[in-house]
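Letter by letter, the chains look like this.
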Amino acid sequence: MEQKQFQAESKRLMDMMIHSIYTHKEIFLRELISNASDAIDKLYFRSLTDDSVGMNKSDFGISIAIDKDARTLTISDNGIGMTKEEMEEHLGTIANSGSLQFKKENNLAEDNQIIGQFGVGFYSAFMVAKCVTVKSRAFGADQAYVWQSEGVEGYTIDTCDKDTVGTEITLELLPDVAGDEDGNGAENYSEYLDQYRIQSLIKRYSDYIRFPIRMEMTKSRKKEDSDEYEDYTETVTLNSMVPLWHKNKSEITEEEYNTFYRDKCGDYTNPLCHIHVHNEGSITYDALLYIPEHAPFNYYNKDYEKGLQLYANGVLIMDRCEDLLPDYFSFVKGLVDSEDLSLNISREMLQHDTQLRLIARSIERTIKNELKRMMKNDREKYEKFYQAFGLQLKYGVYSDYGMHKELLQDLLLFPSSKEGKLTSLQEYIDRMPEGQDAIYYATGESISRIELLPQTEQVKDKGYEILYFTENVDEFAIRMMQNYQDKPFKSVLDSSLDLESEEEKKALEEKQESSKTMLETMQKALEGKVGSVKLSGRLKSHPVCLSSEGELSMEMAKTLNAMPGANGEKLHANTVLEINPEHAIYQTLMQLQESDPEKLGEYAKLLYDQALLIAGMPIEDPVAFSNRICSLM
Ligand code: ADP
Ligand code: MG
């Protein structure tokens with residue numbers, strides 16, 4: 001027997017890896033199964049050109065055996081095996097991947113099925129095992145060897161008996177650790193001796209390994225003609241082998257897609273739709289994506305976590321890869337499987353991979369196109385989707401300084417004055433009458449509230465449609481867009497709508513001039529509240545309204561002031577009180593200017609509060625408002 005030291009470097013790496021790279025110890029099983037699958041792939045590859053292998057694809061397989069008394073877990077494969085030299089080289093030296101070398105030597109194309117590339121996965125066994133024993137007989141060799149190690153101290157190699165070609169890895173599990181009073185630091189290694197735990201780990205991480213993974217399981221059944229039970233054993237294939245996403249689309253039923261979604265994505269209802277893509281080109285991948293029917297309860301909270309499952313060659317690498325989804329599509333669930341991923345030192349650290357970025361970009365396009373298609377072909381479904389996730393799209397338009405507005409703008413819908421239906425911006429543009437050169441919108445708490453706004457009258461009279469913005473983010477989002485198809489967005493609450501004819505403007509200006517003193521008295525009474533008091537050309541039946549001048553609208557100021565962190569210092573929109581010169585109130589105001597300017601001031605405050613109420617804004621002093629009304633009565 002030979003006693004050997006690991007290389008100093010390997011020792012350090014091994015120590016580091018055992019203690020830090022992998023966050024979940026359970027993944028050791030995934031690594032060993034992947035290695036077994038790689039070894040089988042190599043021999044299978046060989047069998048395609050070498051008759052002496054004497055095996056068919058169906059002869060290959062992996063088996064798992066549990067021995068509770070000996071506290072061991074054994075994983076065997078009938079793959080290519082290892083020679084003594086290979087054991088020394090691949091198991092004795094960390095970061096020396098035999099798989100990568102094999103790939104190079106055999107000039108394998110990028111799309112071959114071999115998973116291992118970095119030569120560290122094997123060592124993950126030491127996260128759960130006190131002693132690891134590897135018995136292996138290489139293809140073409142008569143002598144088998146046994147490699148054994150208890151960790152960083154070193155390993156031994158010796159000859160042994162083994163009848164068949166392949167590798168058998170036995171882990172002697174570490175003793176359980178009780179941990180402190182609160183259970184901190186507790187470790188339960190015995191769970192890997194539980195057949196159901198192993199079964200579920202295989203289902204979770206290695207379900208789609210393309211060779212059968214079998215285990216003899218002990219089950220219980222009722223004896224015939226008796227109430228007693230008896231144990232029996234049965235060899236069970238633990239993995240399903242063919243990934244759903246590798247099957248032909250035409251062979252998959254809607255029900256299969258839905259069941260898969262409910263199982264894997266943890267939703268209790270069926271998804272709104274699935275997107276199944278096979279992509280070739282700059283990067284090859286398969287993706288099975290789902291759009292849920294409803295937003296998860298925590299979707300709009302901070303604790304919602306987006307991401308897709310990531311597989312490399314059918315082996316689960318990451319449960320939630322955030323980088324595959326942009327925030328505005330964070331509602332999408334599902335998985336991506338690619339042969340092109342270059343595996344990093346830890347399969348859990350792929351974040352900055354260029355291939356990953358390529359996939360993410362391609363997926364973003366796919367999702368967008370699917371949503372556009374749905375909007376066009378199945379409007380009802382799209383509106384259902386929009387009900388759940390439209391808000392997220394609007395945040396997307398606004399976020400990152402409007403960087404994604406081009407991508408998202410055609411996915412937006414807003415309620416509008418037209419038949420009370422949701423409309424896209426394109427549909428709005430298509431309906432615009434001749435002469436209209438802006439997209440009009442009005443903001444308010446609800447549609448019914450907005451419809452009562454006096455400012456909407458003039459625009460509607462012109463035959464122009466108005467988009468109704470009822471959510472805080474709406475106005476911020478379209479301000480970020482600035483315009484759509486060269487048409488600027490305009491708020492009907494803006495003081496400079498400029499919809500009057502030349503004559504109307506002139507008449508108004510004259511009237512404004514002759515009402516100057518009255519307007520000034522009112523403005524003085526409202527100092528600190530409004531920027532100016534003006535006569536309005538747009539009001540029809542209403543006496544007054546509020547509008548705003550400049551960048552910040554009243555609704556936006558309201559939203560910003562309500563935001564956490566907006567402590568104390570309030571933002572104010574530059575507000576204008578508009579008075580309808582055609583309304584009876586105008587004459588009253590003019591007369592008061594002559595007879596009782598003080599009362600005019602009181603009237604100004606009253607009208608201002610009224611305008612606030614109509615606009616759905618809170619009045620500053622409800623008691624004063626009420627007192628003023630009473631004194632008039
Ligand atoms: P990787 O799989 O990334 O190459 P590992 O640390 O998981 O790295 O494995 C190191 C090497 O050990 C493999 O590349 C392979 O050459 C060899 N090896 C591990 N397990 C087996 C096995 N079951 N059969 C044959 N060779 C194996
Ligand atoms: Mg490996």
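Residues numbered from 1 in each chain as written. Chains lettered and ligands numbered in written order. Predicted model: local features only at pLDDT ≥ 70, side-chain atom pairs only at ≥ 80, totals over all residues. Heavy atoms only, no water.

Chemist: Before we move on, can you summarise the overall build of the protein chain with the specific residues and values?
Modeler: For the protein chain, the helix and strand inventory stands at 19 helices and 23 strands. Taking the principal axes of its C-alpha atoms as reference, the protein chain extends roughly 120 × 65 × 55 Å. Counting across all 633 residues of the protein chain, residues that qualify as buried make up 49%. For the protein chain, the exposed surface amounts to about 31,400 Å²; the carbon and sulfur share of it is 46%. Distance between charge centres in the protein chain, computed from 70 positive and 110 negative side chains, equals 3 Å. (Helix = DSSP H or I, 4+ residues; strand = E, 2+ residues; numbered from the N terminus. Buried < 20%, exposed > 50% of the residue type's maximum accessible area, 1.4 Å probe, protein only. Areas by Shrake-Rupley, 256 points an atom, 1.4 Å probe, with all protein chains shown as cover. Lys, Arg positive; Asp, Glu negative; His and termini not counted. Charge placed at Lys NZ, Arg CZ, Asp CG, Glu CD.)

Chemist: I'd like a description of helix H19 (residues 622–632), backed by residues and values.
Modeler: Since there are 3.6 residues in each turn of an α-helix, residues three or four apart along the chain are aligned in direction. Regarding H19, the residues found buried are Ala624, Phe625 and Arg628. Angular distribution of buried residues about the axis of H19 spans 105°; they occupy a single face of the element. Contacts from the buried residues of H19 go to helix H18 (597–614). (Arc of directions from axis to C-beta. Contact = heavy atoms within 4.5 Å.)

Chemist: Tell me about the domain arrangement of the protein chain, and name the residues and values.
Modeler: On domain assignment, one finds that the protein chain holds domain 1 (3–234), domain 2 (244–381), domain 3 (412–491) and domain 4 (502–632). The partner domain 4 presents 22 residues to the 15 residues of domain 3 that form the contact. Among the residues of domain 3 in contact with domain 4, Pro454, Gln455 and Phe476 are the three that bury the most area, contributing 33% of the side total. Applying the counting criterion to the domain 3 and domain 4 interface returns 1 salt bridge. The salt bridge involving Lys558 is made with Glu445; its shortest N-O contact spans 3.6 Å. (Domains from an automatic or database assignment. Buried area = accessible area lost by both parts, 1.4 Å probe. Salt bridge = Lys/Arg side-chain N within 4 Å of Asp/Glu carboxyl O.)

Chemist: Can you lay out the packing of helix H7 (residues 354–377) against helix H8 (residues 379–402) for me, pointing to particular residues and giving the numbers?
Modeler: Relative to each other, H7 and H8 sit at 125°, their axes nearing to 5 Å. The orientation of H7 with respect to H8, classified from their angle, is oblique. Where H7 abuts H8, its residues Leu371, Met374, Met375 and Asn377 lie against Arg379, Lys381, Tyr382 and Phe385. Tallied by class, the residues present in the contact of H7 with H8 amount to 5 nonpolar, 1 polar and 2 charged. (Axes fitted to C-alpha atoms, helices over the stretch in contact; angles between N-to-C directions. Parallel < 35°, antiparallel > 145°, perpendicular 65-115°, else oblique. Nonpolar A, V, L, I, M, F, W, Y, C, P; charged D, E, K, R; others polar.)

Chemist: An account of the packing of aromatic side chains is requested, with residue identities and associated values reported.
Modeler: Applying the stated criterion across every chain, the model contains 25 aromatic pairs. The interplanar angle of 75° and the centroid separation of 5.6 Å between the aromatic rings of Phe122 and Tyr123 together place this pair among those described as edge-to-face. For the pair shown, Phe122 and Tyr123 are each scored as buried. Judged by centre distance (4.9 Å) and plane angle (50°), the rings of Trp245 and Tyr311 are tilted. Here Trp245 is found in the loop between strand E9 (229–237) and helix H6 (254–265), whereas its partner Tyr311 is found in strand E12 (residues 308–312), with 66 residues between them in sequence. The same class applies to Trp245 as to Tyr311, namely buried. Aromatic ring contacts, followed pair by pair, group Tyr299, Tyr300, Tyr304, Tyr328, Phe329, Phe331, Tyr382, Phe385, Tyr386 and Phe389 into a single cluster. One residue, Arg221, lies across the ring of Tyr232, its end atom 4.1 Å from the ring centre. (Phe/Tyr/Trp six-rings, centres within 6.5 Å; stacked < 30°, edge-to-face > 60°. Lys NZ or Arg CZ within 6 Å of the ring centre and 35° of its normal.)

Chemist: Residues and numbers for the sheet that holds strand E21 (residues 532–535), please.
Modeler: What the 3 strands build is an open sheet, ordered E21-E23-E22; its pairing is mixed. Pairing within the sheet leaves two strands with one partner each, and these edge strands are E21 and strand E22 (544–549). The mean angle between the axes of side-by-side strands here comes to 30°, regardless of whether they run parallel or antiparallel. Relative to strand E23 (residues 574–579), E21 runs parallel, the two being bridged by 4 bridges. Note on E23: the bridge partner recorded for Ser532 is Val576. (Pairing = 2+ DSSP bridges.)

Chemist: So what's going on with unusual backbone geometry? Residues and values would help.
Modeler: Unlike most non-glycine residues, Asp225 shows phi in positive territory, near 55°. Note on placement: Asp225 falls in the loop between strand E8 (213–222) and E9. Classification of Asp225 as exposed rests on a relative accessible area of 80%. Even without a glycine there, the phi angle at Gln485 is positive, about 50°. Following the sequence through the fold, Gln485 ends up in the loop between strand E19 (483–484) and strand E20 (487–491).

Chemist: How would you summarise the nonpolar core if you had to cite specific residues and measurements?
Modeler: Membership of the largest hydrophobic core comes to 71 residues, with the highest contact counts inside it found for Phe329, Phe331, Leu371, Tyr382, Phe385, Leu393 and Tyr440. Not counting the four nearest positions on each side in its chain, Leu393 is found in contact with Tyr328, Phe329, Phe331, Tyr382, Phe385, Tyr386, Leu408, Leu411 and Leu412. Ile209, Phe211, Leu238 and Leu335 belong to the second largest nonpolar core, which has 63 residues in total. (Core = buried A, V, L, I, M, F, W, Y, C linked by side-chain atoms within 4.5 Å.)

Chemist: Let's hear about the packing of H8 against helix H13 (residues 472–481): which residues, and what values?
Modeler: Their axes nearest at 9 Å, the elements H8 and H13 cross at an angle of 45°. Considering the angle they form, H8 stands oblique to H13. You can see that H8 and H13 cross each other, and the crossing is left-handed. Mapping the contact onto sequence places Leu391, Lys394, Tyr395, Val397, Tyr398, Tyr401 and Gly402 in H8 and Val473, Asp474, Phe476, Ala477, Met480 and Met481 in H13. Its residues assigned to classes, the contact of H8 with H13 shows 10 nonpolar, 1 polar and 2 charged. (Left-handed = near helix turned anticlockwise from the far one by under 90°.)

Chemist: Could you give an account of the sheet that holds E20, with specific residues and numbers?
Modeler: Taken together, the 4 strands give an open sheet; going across it, the order is E18-E17-E20-E19, and neighbouring strands pair in mixed fashion. A single partner strand is all that each edge strand has here, and the edge strands are strand E18 (466–469) and E19. Pairing of strand E17 (residues 439–443) with E18 involves 4 bridges; the strand directions are parallel. From the neighbouring strand, Thr443 faces E18, where its bridge partner is Phe469. Together, E17, E18, E19 and E20 form the strand contacts of H13, whose direction differs from that of E17 by roughly 155°.

Chemist: Break down the confidence of the model for the protein chain for me, with residues and values.
Modeler: Mean pLDDT over the protein chain stands at 87; residues scoring 70 or higher make up 90%. Of the regions scoring below 50 in pLDDT, residues 109–119 engages in 45 contacts with residues more than four places distant in sequence or in other chains. (pLDDT = per-residue confidence, 0-100.)

Chemist: For the pattern of salt bridges, give the residues involved together with the corresponding values.
Modeler: Inspection of the entire model under this criterion finds 37 salt bridges. The partner of Arg379 in a salt bridge is Glu383, with the nearest N and O atoms 3.0 Å apart. In this pair, Arg379 and Glu383 are both assigned in helix H8, 4 residues apart and thus about one turn of the helix distant. Between Lys394 and Asp474 there is a salt bridge, and its shortest N-O distance comes to 2.8 Å. Linking Lys394 in helix H8 with Asp474 in helix H13, this pair joins segments that are 80 residues apart in sequence. Salt bridges sharing partners connect three or more residues here, namely Glu2, Lys4, Lys84 and Glu88.

Chemist: Summarise the environment of Leu592; cite the residues concerned and give the values.
Modeler: Structurally, Leu592 is set in helix H17 (residues 584–595). Sequence separation of Leu592 and Leu493 is 99 residues, and the distance between their C-alpha atoms is 28 Å. Other than its neighbours up to four places away in sequence, Leu592 contacts Pro597, Lys599, Leu600 and Tyr603.

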